[in-house]
Amino acid sequence: MRSVVADALWYPRLHVDDVDLLHCPSFRGPFAPDIPVVVTVHDLAVLREPGWFNRWTRTYSRFAVPRVVRAASRLIAVSEFTKRELVDLLGVEEAKIRVVPNAVDDVFTPEGPRADGDYVLAVGTLEPRKNLPRIAAAVDGELRVVGARGWGGVDPPRDVTWLGEVSDEELARLYRGARCLVYASLYEGFGLPVAEALACGCAVVTTAGSAMAEVAGDDAVYVDPEDVASIRSGIERAFAPPPRPVASWSAVAQATRSVYEELV
């Protein structure tokens, strides 16, 4: 209830004193700010597919997201894909958008302990767009699933090993030991598990024609996420690329600071 009240009453009227600029790391922000505002946009899934979300989230977002985006002086999109979504769905001028991809934490490296066993790994909150039932149907052998319980009536499929939420150290251990990461999501603005897996040298199977292609490039196998046979074939063709970080957080910070400097 507290979150609903904050969404409906506090964020839209947010006023801050003695600052030159406000950076909102999500869509929760003021509708009529009196200082420059930067808003980070991770994706527009709630506008593209509102049925994937609960009633309050889709109702609030349909009303609030266009207003927060319109009020922002600059928008940071985490991918070129998300930038295109801002232009296509909300009519945002490209000149207002800066693309600053995400980075991964230093724990995600190829050096370190590896989990035991012969398994495929899936990572993500249990929610409709993560496509877990099809992924589970495509895996021959053990599927280990890392992710918090979410919404939309999504439960861990039968015959999978659901690990829930784990520490970054344990997640890195799971990436290193996996046959591959399968991240066949139906929609993502970036795809952080793909970046984490690549940094650990883990093979990646992910969605074709998505934001994840910006992250993985030639270092992944791409599949049709709505086709179980395509996902299964992708797992069979998975290969371990040379480990590589996608970006550093220091580079992300510098790029973000450059956006601030445009406004103050």
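As shown above, the structure is provided for reference.
Numbering of residues starts from 1 in each chain and follows the order in which that chain's sequence is written. Local features are withheld for residues below a pLDDT of 70 in this predicted model, meaning they are given only at 70 or higher, and side-chain atom pairs are given and counted only at 80 or more; totals for whole chains, interfaces and linings count all residues. The side-chain figures draw on all heavy atoms in the structure; neither hydrogens nor water molecules are used.

Draft legend 1. The arrangement of the overall build of the chain in detail. Only DSSP runs of H or I with at least four residues qualify as helices, and only runs of E with at least two residues qualify as strands; both kinds are numbered from the N terminus onward. Tallying secondary structure elements over the chain gives 10 helices and 10 strands in all. We compute the radius of gyration over the C-alpha atoms and compare it with the globule rule, which gives 2.2 Å times the number of residues raised to the power 0.38. Here the C-alpha atoms of the chain give a radius of gyration of 19 Å, agreeing with the 18 Å that 2.2 N^0.38 yields for 264 residues. Here the C-alpha coordinates of the chain stretch approximately 55 × 35 × 30 Å along the principal axes. Accessibility here uses a 1.4 Å probe with only protein chains present; expressed as a share of the type maximum, an area under 20% marks a residue as buried, one over 50% as exposed, and anything in between as partly exposed. Taken across its 264 residues, the chain has 47% of its residues classed as buried. Any pair of residues with heavy atoms lying within 4.5 Å of one another is described as a contacting pair. The long-range fraction of contacts in the chain, counting pairs at least 24 apart against all pairs at least 6 apart in sequence, stands at 60%. The method behind every accessible area is Shrake-Rupley, applied with a 1.4 Å probe, and residues are considered shielded solely by the protein chains displayed. Carbon and sulfur atoms form 50% of the exposed surface of the chain, whose accessible area is close to 12,800 Å².

Draft legend 2. Inspection of the environment of arginine 237 at higher detail. Mapped onto the elements of the fold, arginine 237 is located in helix 9 (residues 228-237). Between the C-alpha atom of arginine 237 and that of tyrosine 222, which follows or precedes it by 15 residues, the distance is 9.8 Å. Excluding residues that lie within four positions of it along the chain, arginine 237 makes contacts with Val221, Tyr222 and Val223.

Draft legend 3. Examining the nonpolar core more closely. Among the buried residues, those of types Ala, Val, Leu, Ile, Met, Phe, Trp, Tyr and Cys that are joined through side-chain atoms within 4.5 Å form a nonpolar core. If you look at the biggest cluster of nonpolar residues, it comprises 28 residues, and the most contacted ones within it are Phe108, Leu121, Val123, Tyr175, Leu181 and Val194. Those elements that provide at least two residues to this core are strand 5 (119-123), helix 6 (168-177), strand 8 (181-183), helix 7 (192-200) and helix 8 (212-216). Of all the elements, helix 7 adds the most residues to this core, at 6 residues. What leucine 181 contacts, discounting residues up to four positions off in sequence, is Leu121, Ala122, Val123, Tyr175, Pro193, Val194, Ala197, Cys202, Ala203, Val204 and Val205.

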